[in-house]
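Remarks on the overall topology
Spelled out from the first residue to the last, the chains are:
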Amino acid sequence: MGSKGIESRRPRVGDLLEFQRGVYSHWAVFAASHGQVDEFWEVAGSSPVVINNILDNEYSHLPAGEILMNATSKLGATGYDVVCANCEHFATWCRYGKARSIQVERVKHTVSSYAGKIRDNLVELAQRGNPTVS
């Protein structure tokens, strides 16, 4: 297995697929044995796609049948939210029973880090008595 869980082999039912789209990735659960190969290529388009069972080092994955049952149980569901309920949350929930988005976690960490630095700079300026900071 390569870095981040990326593997170079043919996908198996229940694998997580990452469609790399520049600054973000789209995520899906591989279910081609259910005759959905055409739909797969529709989603993939021209995006590079890799098998990325990103959390296999943290969690045990569910059996393939249960992963597919999870996925099909949400067909037609609504309530997409880029921060709390995106395609990566869905895919990881199907595979591991835990909804996580590493992309969102990275953004939250970066924003939190920058917010902390800005706060520290403002406090330092205020402590110096800088008249431009009130």
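Model, not experiment: these values are computed from the prediction.

Okay, the overall build of the protein next. The number of helices and strands found in the protein is four helices and four strands. Listed N to C, the secondary structure of the protein is β-β-β-α-β-α-α-α in terms of helices and strands. Residues classed as buried in the protein amount to 31% of the 134 residues present. Long-range pairs, those at least 24 residues apart, make up 59% of the contacts in the protein between residues at least 6 apart in sequence. When the accessible surface of the protein is split by element, carbon and sulfur atoms take 56% of a total near 8800 Å².

We now examine the confidence of the model for the protein. Taken residue by residue, the protein gives an average pLDDT of 82. The fraction at 70 or more is 84%. Per-residue pLDDT, averaged within each element of the protein, yields its smallest value for helix α1 (residues 37-44) (65) and its largest for helix α3 (residues 87-96) (96).

The description of two packed helices rests on the angle between their axes and on the distance between the axes. Two elements in contact, helix α2 (residues 64-73) and α3, have axes separated by 7 Å at closest approach and are oriented at 140°. Viewed along their axes, α2 and α3 adopt a mutual orientation that is oblique. Contacts between α2 and α3 involve Ile67, Asn70, Ala71 and Ser73 on the former and, on the latter, Phe90, Trp93, Cys94 and Arg95. When its residues are assigned to classes, the contact of α2 with α3 shows five nonpolar, two polar and one charged.

Time to look at α2. For the α-helix, the turn length of 3.6 residues means that residues three or four positions removed from each other point alike. Residues of α2 that are buried: Ile67, Leu68, Asn70 and Ala71. Looking straight down α2, one finds its buried side chains confined to an arc of 155°; they lie on one side. Tucked inside the fold, the buried residues of α2 contact β3 (25-29) and α3.

In this section: the pairing of strand β2 (residues 16-20). For β2, a buried count of four out of five residues is recorded, marking the element as mostly surrounded by other parts of the structure. Two strands pair when backbone bridges link them, and β2 and β3 are joined in this way by five bridges, in the antiparallel orientation. Across the sheet, residue Gln20 finds its bridge partner in β3, namely Ser25. Between the end of β2 and the start of β3, which pair antiparallel, lie four residues, with Gly22 showing a positive phi angle near 85°. Note: β2 against strand β4 (residues 49-52), three bridges, orientation antiparallel. Bridge assignment links Leu17 to a residue of β4, and that residue is Ile51.

Here helix α4 (residues 102-127) spans 37 Å end to end across 26 residues, near enough to the 38 Å set by a 1.5 Å rise per residue. Where α4 is buried, its residues meet α3. Just downstream of α4, Gly129 is the residue with a positive phi angle, here 80°.

Definitions and cut-offs
Counting restarts for each chain, with residues numbered from 1 along the sequence as it is written. Totals for whole chains, interfaces and linings use every residue, but because this is a predicted model, local features are given only for residues with pLDDT of at least 70 and side-chain atom pairs only at 80 or more, for both listing and counting. In computing side-chain values, all of the structure's heavy atoms are included and hydrogens and water are not. Where helices and strands are cited, they refer to DSSP runs of H or I of at least four residues and of E of at least two residues respectively, numbered from the N terminus. Residue exposure (1.4 Å probe, protein chains only): buried if accessible area is under 20% of the type maximum, exposed if over 50%, otherwise partly exposed. Any two residues whose heavy atoms approach within 4.5 Å at even a single point are treated as in contact. Calculation of accessible area relied on Shrake-Rupley with a 1.4 Å probe; when residues are assessed, cover is drawn exclusively from the protein chains displayed. Confidence of the predictor at the level of single residues is given by pLDDT, which spans 0 to 100. Only C-alpha atoms enter the line fits that serve as axes; for helices the fit covers just the stretch in contact. Angles between N-to-C directions range over 0 to 180 degrees. Convention used here: angles under 35 degrees read as roughly parallel, angles over 145 as roughly antiparallel, angles from 65 to 115 as roughly perpendicular, and any remaining angle as oblique. Side-chain classes follow a simple rule in which Ala, Val, Leu, Ile, Met, Phe, Trp, Tyr, Cys and Pro form the nonpolar group, Asp, Glu, Lys and Arg form the charged group, and the remainder, Gly included, forms the polar group. Arc, as used here, means the arc of the directions from the helix axis to the C-beta atoms. For two strands to be treated as a pair, DSSP must find at least two bridges joining them. Take the residue count of a helix, subtract one, and multiply by 1.5 Å to get its expected span.

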